[in-house]
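Residues per chain are reported as follows:
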Amino acid sequence: MIITKVIMNHVRMRLREPFHTSFGTIQDKDIAVIEVIDEKGNSGWGESVALPDPTYTEETFKTNWHILEDYLIPLLLNREISHPDEVGVIFSPIRRNYMAKAAIEGAVWDLYAKRSDLSLSDALGGTRKSIEAGISIGIQQSKEELFKKIEGYLEEGFKRIKIKIKPGMDVEIIKAVRERFPDVPLMADANSAYTLKDTDHLRKLDEFNLLMIEQPLGADDIINHAKLQKAIKTPICLDESIQSLDDVKKAVELGSCQIINIKIGRVGGLSSARDIHQYCKENGIAVWCGGMLEAGIGRAFNIALSSLENFTLPGDTAGSARYWEEDIINPEVVVVDGLIEVPSSIGIGYEPNRETIKKYTVNQTIYSK
Ligand code: OSB
Ligand code: MG
């Protein structure tokens with residue numbers, strides 16, 4: 001296939017509720033909604049997942065747009081590509097910028113799956129027909145507020161609850177939640193808010209039977225996570241620290257974690273996510289699919305990825321309505337009894353809604369050579 005045209009839509013959407021984490025608050029999301037078009041007029045779709053500020057990783061919506069426009073799109077246009085795995089090789093002169101790369105690599109995967117008459121799940125080698133949905137709850141104003149949220153999500157059927165923690169809002173809150181919901185599959189995400197000096201404090205979480213603690217220490221600190229994992233019982237899950245298969249190999253060799261949160265954007269695309277999944281499967285590391293508060297196109301990729309065999313833990317894969325008044329795909333993603341059906345129709349399996357995309361687009365640029 002040859003990509004002859006790329007349409008970049010700068011879409012701006014407002015989350016129904018602000019999302020609070022240890023690194024800051026997210027309410028508005030700028031998204032590059034990317035349509036790649038091949039020589040036969042077929043379309044593939046992708047979505048950039050970087051946040052507005054460089055607080056989770058160093059990438060932002062603007063750096064994604066810049067890298068796409070000035071480097072990645074020129075590298076891709078009018079190139080003969082037989083499989084999306086080649087995209088990573090084509091992009092290899094450009095360092096890092098994983099979310100920018102993933103945004104357009106995803107569109108090539110969608111296009112490839114459609115041309116091959118396959119669902120994205122089948123194209124990736126997925127086996128699950130439905131996936132288990134977990135929910136990530138941002139930091140709340142009060143315990144009562146948090147309890148109410150948890151109750152609501154449990155009623156909706158979510159299979160596990162993730163709570164964001166930070167220094168000052170951790171042990172006491174987890175203790176209260178555990179007392180109120182003794183049997184709920186529960187985990188905590190610190191988004192790098194602690195240091196090794198907090199080891200004794202973090203060890204207090206061991207008594208609450210958490211599934212895991214996600215990314216307690218520095219975003220690029222695989223060594224101290226290994227020290228921490230030896231000192232606490234709660235399994236460590238890495239998120240920010242893992243940006244490539246090489247990072248995974250180092251973490252596994254050092255014993256820095258027992259679980260990995262795979263985010264397609266953070267690891268540079270679906271091919272890399274699939275390879276990390278495979279390596280983890282062979283090395284006894286459980287994986288689950290994280291989220292970046294994506295709109296529908298990004299969610300569709302998460303759902304297809306989660307259909308792979310070693311995604312044995314529920315991901316942060318809530319339905320469209322949890323995030324948006326109206327999503328940019330048809331049908332919207334729905335969670336029924338805590339499950340999301342993996343679409344069997346070709347490509348990402350949801351139809352991007354051109355009208356809604358247009359409604360939220362603040363700027364469009366078309367690239368062709
Ligand atoms: O750390 O997993 C995270 C959202 C934005 C950035 C980082 C994270 C998150 C979430 C929410 O936890 C996941 C989602 O519901 O999409
Ligand atoms: Mg996280």
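Residues numbered from 1 in each chain as written. Chains lettered and ligands numbered in written order. Predicted model: local features only at pLDDT ≥ 70, side-chain atom pairs only at ≥ 80, totals over all residues.

### Quick word on the domain arrangement of the protein chain
Next, step 1: Along its sequence, the protein chain is carved into domain 1 (3-117 + 354-368) and domain 2 (122-341).
Next, step 2: Distance from the C-alpha centre of domain 1 to the C-alpha centre of domain 2: 23 Å.
Next, step 3: Taken together, the contact pairs 34 residues of domain 1 with 31 residues of domain 2.
Next, step 4: A total of nine residues in the side of domain 1 that touches domain 2 trace back to one element, the largest contributor, which is helix 3 (residues 98-115).
Next, step 5: Taken together, the residues of the side of domain 1 that touches domain 2 break down into 19 nonpolar, nine polar and six charged. (Domains from an automatic or database assignment. Contact = placed C-beta atoms within 7 Å. Helix = DSSP H or I, 4+ residues; strand = E, 2+ residues; numbered from the N terminus. Nonpolar A, V, L, I, M, F, W, Y, C, P; charged D, E, K, R; others polar.)

### Observations regarding the UniProt feature "active site" (unreviewed entry) in the protein chain
Next, step 1: Per the UniProt record, "active site" (unreviewed entry) is annotated on Lys 164 and Lys 263.
Next, step 2: Residue placement: Lys 164 occurs in strand 6 (residues 161-164).
Next, step 3: The exposure class assigned to Lys 164 is buried, which follows from the 23 C-beta atoms found within 10 Å.
Next, step 4: Among residues more than four places away in sequence, those in contact with Lys 164 are His 20, Thr 21, Ser 22, Ile 137, Gly 138, Ile 139, Asp 189 and Asn 191.
Next, step 5: With respect to the element layout, Lys 263 can be found in the loop between strand 10 (259-262) and helix 10 (270-282).
Next, step 6: Given 28 C-beta atoms within a 10 Å radius, Lys 263 is considered buried.
Next, step 7: Lys 263 has contacts with Gly 290 and Met 292, leaving out every residue within four places of it along the chain. (UniProt positions renumbered as here; feature names shortened; annotations may be inferred. Buried ≥ 20, exposed ≤ 12 C-beta atoms within 10 Å, placed from the backbone.)

### Some words on the environment of Lys 197
Next, step 1: Mapped onto the elements of the fold, Lys 197 is located in the loop between strand 7 (186-189) and helix 7 (199-203).
Next, step 2: Placed 31 residues apart in sequence, Lys 197 and Leu 228 show a C-alpha to C-alpha distance of 9.7 Å.

### Concerning the confidence of the model for the protein chain
Next, step 1: Chain-level pLDDT for the protein chain is 98 on average; 100% of the residues reach the 70-or-more range.
Next, step 2: Interface scoring of the predicted complex returns ipTM 0.99; its pTM is 0.98. (pLDDT = per-residue confidence, 0-100.)

### Observations regarding the pairing of strand 1 (residues 3-21)
Next, step 1: In this sheet, strand 2 (residues 24-38) lies alongside strand 1 in antiparallel orientation, the contact comprising 14 bridges. By the bridge assignment for strand 2, Val 6 is matched with Val 36.
Next, step 2: Between strand 1 and strand 2, which pair antiparallel one after the other, the connecting turn spans two residues.
Next, step 3: Sheet topology note: the strand 1/strand 15 (residues 361-368) ladder contains seven bridges and is antiparallel. Among the inter-strand pairings, His 10 is bridged to a residue of strand 15, identified as Asn 363. (Pairing = 2+ DSSP bridges.)

### Observations regarding the site of ligand 1
Next, step 1: Taken together, Tyr 56, Ser 136, Asp 189, Asn 191, Asp 239, Gly 290, Gly 291, Met 292, Leu 293, Asp 316 and Ala 318 make up all the residues around ligand 1.
Next, step 2: Along the lines of polarity and charge, the residues of the shell around ligand 1 split into four nonpolar, four polar and three charged. (Near = placed C-beta within 6 Å.)

### Notes on the sheet that holds strand 6
Next, step 1: Taken in spatial order, the seven strands line up as 5-6-7-8-9-10-11 in an open sheet, and their pairing is parallel. Edge positions in the sheet fall to strand 5 (135-137) and strand 11 (286-289), since each of these pairs with one other strand and no more.
Next, step 2: Bridge count between strand 8 (residues 213-214) and strand 9 (residues 236-238): two bridges; the pairing is parallel. In the sheet register, Glu 214 faces strand 9, and the bridge partner there is Cys 237.
Next, step 3: The strands that helix 5 (residues 143-156) touches are strand 5 and strand 6; relative to strand 5, the one it contacts most, it runs at about 170°. (Axes fitted to C-alpha atoms, helices over the stretch in contact; angles between N-to-C directions.)

### Quick look at unusual backbone geometry
Next, step 1: Geometrically, the link from Asn 330 to Pro 331 is a cis peptide bond, its omega value of -10° lying close to zero.
Next, step 2: Among the structural elements, Pro 331 can be located in the loop between strand 12 (329-330) and strand 13 (339-341).
Next, step 3: Of note, Arg 96 is a non-glycine position whose phi angle comes to about 45°, a positive value.
Next, step 4: In this structure, Arg 96 sits in the loop between helix 2 (85-90) and helix 3.
Next, step 5: With 14 C-beta atoms packed within 10 Å, Arg 96 lands in the partly exposed category.
Next, step 6: Look at Asn 209: it is not a glycine, yet its phi comes out positive at around 55°.
Next, step 7: With respect to the helices and strands, Asn 209 occurs in the loop between helix 7 and strand 8.
Next, step 8: Here Asn 209 falls in the partly exposed class, since 14 other C-beta atoms lie within 10 Å of it.

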